[in-house]
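# Tertiary structure, described
What follows is the residue order along each chain.
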Amino acid sequence: MALSDSFLQDLKIKTDIEDVISSYVTLKRRGSTLVGLCPFHNEKTPSFTVYPATQSFYCFGCGAGGDAIGFIRKIENLDYIDAVKTLAQRAGLQMPEEGYDDSLAKKRRRILEINRAAARFFHSYMMSEQGKAGLDYFLGRGLSKKTITKFGLGYAPDSWDALLKELKSQGFAISEMAEAGLVKKGNKSYYDIFRNRVMTPIIDVRGNVIAFGGRVLDDSKPKYINTSDTLVYKKTNELFALNLAKDSAGDTIILCEGYMDVIAMHQAGFTNAVAGCGTALTNEQVRLISRYAKEVILAYDADEAGQKALAKAIKLFDETDVKVRIPNLTGGKDPDEIIKKYGRDKFKGMLEGASGEIEFELLNLRQKHNLLTTQGKVDFLNDAIKVLYRTTPIEQDLYVSRLAEELGVEKQSINAQLSDYSKRTRRRTKKALTKNIVNNSIKQNNDQSRELDMPIRLIKAQERLISLLLLYPDCLKLCEEFDETGLRSDFIKKLYSLITSRLKNGMTVDISDFSEHLSVDEMGRLSGISARGKNSMDPKKEFTDCLNVIKEENEKKKNSSVADLSDDDFRRLIQNT
């Protein structure tokens, strides 16, 4: 059963979408709406819009949209019920004890309970005599027992089913353990995935144990094993130790490559350090960092792989407004080793001396070109222009002045080339953005390949039909003789049925009324229709026009289908009608 409409209406009244979203996104008022940088895709020009009048949001860049529930679902990676619970708690409302299907939410909570139990088992086993090998490993890496406890570090026994038996004794089913990614089915029976490994629990920002990373004690392969994606964990969306780093003072986050780097840095007092979860840095992780920090220090390993990862990270952060700084880490292959060899103060000096992204890129360009030759200077400046384009006017002036003096080139010449490049790039960016918005609009109103050949006027008529029903519910009276089977979009047909059903029962048709019935992506499509729908001077006439267009296009399709029939098929059709 679904949540009662009265409860959802109460939640809607007590939830303001501006307050909810402003906790995650910096919003600026623009007339009757608010805009900000989209938290669901990387961008520097705001395309994310909040509509207080309809209590909805929509991004014209990526198509994300919906109500407050949909926003929480998407940004916190929650299912519908858990998102409702989050907002209900925020609004001071008690969730109904009965009357809704909580099966998926219960399954998620069960996995979290299993993970917590597993983390306790790994930690307690390591602190026992049998688990001494794991404790010795961490102590040998320079970690204190206080740090070990703080991060909940543990050790998985060298056994095929020690964890399985422990969890089973606590009442967990083997199928639940498998869903949590802790056991796996072999030829005859299930066995523990993590065996004879030191264990690092991964904890989300709400304090839930969502996954584990396991490392061997020697050099055997595979060196690392991480929890596969589950209902509560998607590695591309999470950052290790963000639950601790988000509460550190300041608005800077240090991004490292490995768990041990982060743990060593926290022990040394750098409590704003985080790392990815066994994967290369992703757009989702970059957006997550941008929610908690205005600046990121990229403390990547000094080896070739680390430098390649650094270059990728810089590109990803270029699409956000997060400031990037890169320290020159020397004396060790990674932060953990440097701190051990030289101490906290030496490492702190490296972080404080971190260069900005522009300085770092210009330094790399200098190393690629021979500045003693004319051609080398020309090539260097051509590449430098592409870097300086991304800076502020003040930064541009300072860098151009410095480069002009350093290379013996007129400042006006560099400025002229920079201005020309900026104009061309802005034109390309604007063209690409416009194309993206148009393509996204068309994509959102096509139900996959079946509708790709649908006439544009029919797509627009169907979309406008929905937006007019939302804006002017009285238009329902004009639908008495309308055959909804004429709607050739399955999604539009679904919306039409939901909207007219609520109107016939005297219920409201705000965007938030459909959150329970539509997926996150479908809510985005509905929000897009609403965002593009404007007020009408004569809504009933416009609604009738939409009905007529739909009817005409269906007649055309029918006639076209008949015209394509062979003579024999046509005769059979006539005989059967």
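The rules behind each value
- Residues numbered from 1 in each chain as written.
- Predicted model: local features only at pLDDT ≥ 70, side-chain atom pairs only at ≥ 80, totals over all residues.
- Heavy atoms only, no water.
- Helix = DSSP H or I, 4+ residues; strand = E, 2+ residues; numbered from the N terminus.
- Buried < 20%, exposed > 50% of the residue type's maximum accessible area, 1.4 Å probe, protein only.
- Contact = heavy atoms within 4.5 Å.
- Areas by Shrake-Rupley, 256 points an atom, 1.4 Å probe, with all protein chains shown as cover.
- Lys, Arg positive; Asp, Glu negative; His and termini not counted.
- Charge placed at Lys NZ, Arg CZ, Asp CG, Glu CD.
- Phe/Tyr/Trp six-rings, centres within 6.5 Å; stacked < 30°, edge-to-face > 60°.
- Lys NZ or Arg CZ within 6 Å of the ring centre and 35° of its normal.
- Polar contact = N/O pair within 3.5 Å; in protein donor to acceptor, adjacent residues only side chain to side chain.
- pLDDT = per-residue confidence, 0-100.
- Axes fitted to C-alpha atoms, helices over the stretch in contact; angles between N-to-C directions.
- Parallel < 35°, antiparallel > 145°, perpendicular 65-115°, else oblique.
- Left-handed = near helix turned anticlockwise from the far one by under 90°.
- Nonpolar A, V, L, I, M, F, W, Y, C, P; charged D, E, K, R; others polar.

### What to know about the overall build of the protein
For the protein, the count of helices and strands is 24 helices and 16 strands. Dimensions of the protein along its principal axes, counting C-alpha atoms only, are 85 × 80 × 55 Å. In the protein, which comprises 577 residues, the proportion classed as buried is 48%. In the protein, the share of contacts with a sequence separation of at least 24, taken over all contacts with a separation of at least 6, comes to 64%. With the model as given, the accessible surface of the protein reaches about 29500 Å², and the carbon-plus-sulfur share is 50%. Placing the 87 positive and 81 negative side-chain charges of the protein at their respective mean positions leaves the two points 3 Å apart.

### Things to note about unusual backbone geometry
A cis amide bond links K221 with the next residue in sequence, P222, at an omega value of -5°. With respect to the helices, strands and loops of the structure, P222 is situated in the loop between β10 (209-216) and β11 (224-226). Here A241, not a glycine, exhibits a phi torsion of approximately 75°, which is positive. Checked against the element boundaries, A241 lands in the loop between β11 and α10 (242-245). Judged by relative accessible area, A241 falls into the buried class, the value being 2%.

### A closer look at the packing of aromatic side chains
Applying the stated criterion across every chain, the model contains 19 aromatic pairs. Taking the centre distance of 4.7 Å and the plane angle of 50° together, the rings of F240 and Y259 count as tilted. Within this pair, whereas F240 is found in the loop between β11 and α10, its partner Y259 is found in helix α11 (residues 259-267), the two being separated by 19 residues in sequence. Of the two residues, F240 and Y259, both sit in the buried class. A connected cluster of aromatic rings, assembled from ring pairs, spans F121, F122, Y125, Y155, F194 and F212. Sitting above the plane of the W160 ring, R195 keeps its charged end 4.1 Å from the centroid. Against the face of F270 rests R344, its NZ or CZ located 4.9 Å from the ring centre.

### Describing the environment of K341
One can find K341 in helix α14 (residues 335-342). Here the alpha-carbon distance between K341 and W160, two residues 181 residues apart in the chain, equals 38 Å. Separated by 2.9 Å, the side chain of K341 and the backbone oxygen of G331 make a polar contact.

### Details of the confidence of the model for the protein
Confidence in the prediction of the protein, expressed as mean pLDDT, is 87, and 91% of residues score 70 or more. Within the protein, the lowest mean pLDDT, 49, falls on helix α24 (residues 567-575), and the highest, 98, falls on strand β6 (residues 154-156). This model gives residues 445-450 a pLDDT under 50, and the stretch forms 17 contacts once residues within four places in sequence are excluded. Under a pLDDT of 50 for its full length, residues 573-577 has, in the predicted model, two contacts with residues more than four places off or in other chains.

### So, the packing of helix α16 (residues 357-368) against helix α17 (residues 374-388)
Direction vectors running N to C along α16 and α17 enclose 165°, while the axes themselves pass 10 Å from each other. Judged by the inter-axis angle, α16 sits roughly antiparallel to α17. In this structure, the crossing between α16 and α17 has a hand that is right-handed. Facing α16, whose interface residues are I358, E361, L362, L365 and R366, α17 presents F380, D383, A384, V387 and L388. Considering only residue class, the contact of α16 with α17 consists of seven nonpolar, no polar and three charged.

### As for the packing of α16 against helix α18 (residues 393-407)
To characterise two packed helices, one gives the angle between the axes of the helices and the distance between these axes. The geometry of α16 relative to α18 is characterised by a closest axis approach of 13 Å and an angle of 20° between their N-to-C directions. One finds that α16 runs roughly parallel with respect to α18. With respect to the hand of their crossing, α16 and α18 are arranged in right-handed fashion. In this structure, α16 uses I358, E359, L362 and R366 to contact α18, whose residues at the interface are Y399, R402, L403 and E406.

### Brief notes about the side chain of S248
Tracing the chain through its elements places S248 in the loop between α10 and β12 (252-256). The class of S248 is buried, set by a relative accessible area of 14%. A distance of 2.7 Å separates a polar side-chain atom of S248 from the backbone oxygen of A245. Not counting residues within four places of it along the chain, the set of residues in contact with S248 comprises T271 and N272.

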